[in-house]
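Now for the letters of each chain:
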Amino acid sequence: YELLTGASPFTGPSPRETMAAQLTRMPEPLHLCCPDVPPALSAVVMRCLEKSPDARYPTADALLADLEAATVATPPGAVGAGATGAA
């Protein structure tokens, strides 16, 4: 999330509030805050951030399969400069 947006998905004015955000809040979906991020990649990243372990990927192989599918569905150059300015 942070690599694509340039911001942490969970922040707060104190470490305690940042930890509380990790437990209680879902960040804005990537494709909404960064229109250059394809919805398929956004869905993969957001699933990795799910609160419930049962909602996250059960294995690294399952995550890799969805990342590969998102890559195939993404036109070249679609994920560009983003918030960090890096290409």
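Residues numbered from 1 in each chain as written. Predicted model: local features only at pLDDT ≥ 70, side-chain atom pairs only at ≥ 80, totals over all residues. Heavy atoms only, no water.

**Points about the overall build of the chain**
Then, number 1: From N to C terminus, the chain includes five helices and zero strands.
Then, number 2: Going from N to C terminus, the chain has its helices and strands arranged as α-α-α-α-α.
Then, number 3: Looking at the chain as a whole, 23% of its 87 residues qualify as buried.
Then, number 4: Partitioning the contacts of the chain with sequence separation of at least 6, the portion at a separation of at least 24 is 49%.
Then, number 5: For the chain, the computed accessible surface area is about 5,700 Å², with 62% contributed by carbon and sulfur atoms. (Helix = DSSP H or I, 4+ residues; strand = E, 2+ residues; numbered from the N terminus. Buried < 20%, exposed > 50% of the residue type's maximum accessible area, 1.4 Å probe, protein only. Contact = heavy atoms within 4.5 Å. Areas by Shrake-Rupley, 256 points an atom, 1.4 Å probe, with all protein chains shown as cover.)

**Some remarks on the packing of aromatic side chains**
Then, number 1: In this structure the tally under the stated criterion is zero aromatic pairs.
Then, number 2: One residue, Arg47, lies across the ring of Tyr57, its end atom 4.1 Å from the ring centre. (Phe/Tyr/Trp six-rings, centres within 6.5 Å; stacked < 30°, edge-to-face > 60°. Lys NZ or Arg CZ within 6 Å of the ring centre and 35° of its normal.)

**Side note on the pattern of salt bridges**
Then, number 1: This model, assessed by the stated rule, comprises one salt bridge.
Then, number 2: Between Arg47 and Asp66 there is a salt bridge, with its nearest N and O atoms 3.8 Å apart. Within this pair, whereas Arg47 is found in helix H4 (residues 39-48), its partner Asp66 is found in helix H5 (residues 60-73), the two being separated by 19 residues in sequence.
Then, number 3: Its relative accessible area of 29% is what places Arg47 among the partly exposed residues. (Salt bridge = Lys/Arg side-chain N within 4 Å of Asp/Glu carboxyl O.)

**Things to note about the environment of Pro38**
Then, number 1: Counting through the fold element by element, Pro38 comes out in the loop between helix H3 (30-33) and H4.
Then, number 2: According to the relative accessible area criterion, Pro38 is buried, its value standing at 11%.
Then, number 3: Residues Pro38 and Ala70, 32 residues apart in the sequence, show an inter-C-alpha distance of 8.1 Å.

**Focus: the confidence of the model for the chain**
Then, number 1: The predicted model of the chain averages 86 in pLDDT, with 83% of residues at 70 or higher.
Then, number 2: Predicted confidence in the chain is weakest over H3, with a mean pLDDT of 91, and strongest over H4, with 95.
Then, number 3: Overall, residues 80-87 carries pLDDT values under 50, and its contacts beyond four positions in sequence, including any with other chains, amount to nine contacts. (pLDDT = per-residue confidence, 0-100.)

**Observations concerning the side chain of Ser42**
Then, number 1: Along the chain, the position of Ser42 falls in helix H4.
Then, number 2: Among the polar contacts made by the side chain of Ser42, one reaches the side chain of His31 at a distance of 2.9 Å.
Then, number 3: Setting aside residues up to four positions removed in sequence, Ser42 forms contacts with Pro29, Leu30, His31 and Val37. (Polar contact = N/O pair within 3.5 Å; in protein donor to acceptor, adjacent residues only side chain to side chain.)

**Remarks on the environment of Leu63**
Then, number 1: With respect to the secondary-structure elements, Leu63 resides in helix H5.
Then, number 2: Sequence separation of Leu63 and Val45 is 18 residues, and the distance between their C-alpha atoms is 9.4 Å.
Then, number 3: Once residues within four sequence positions are removed from consideration, Leu63 is found in contact with Val44, Cys48 and Tyr57.

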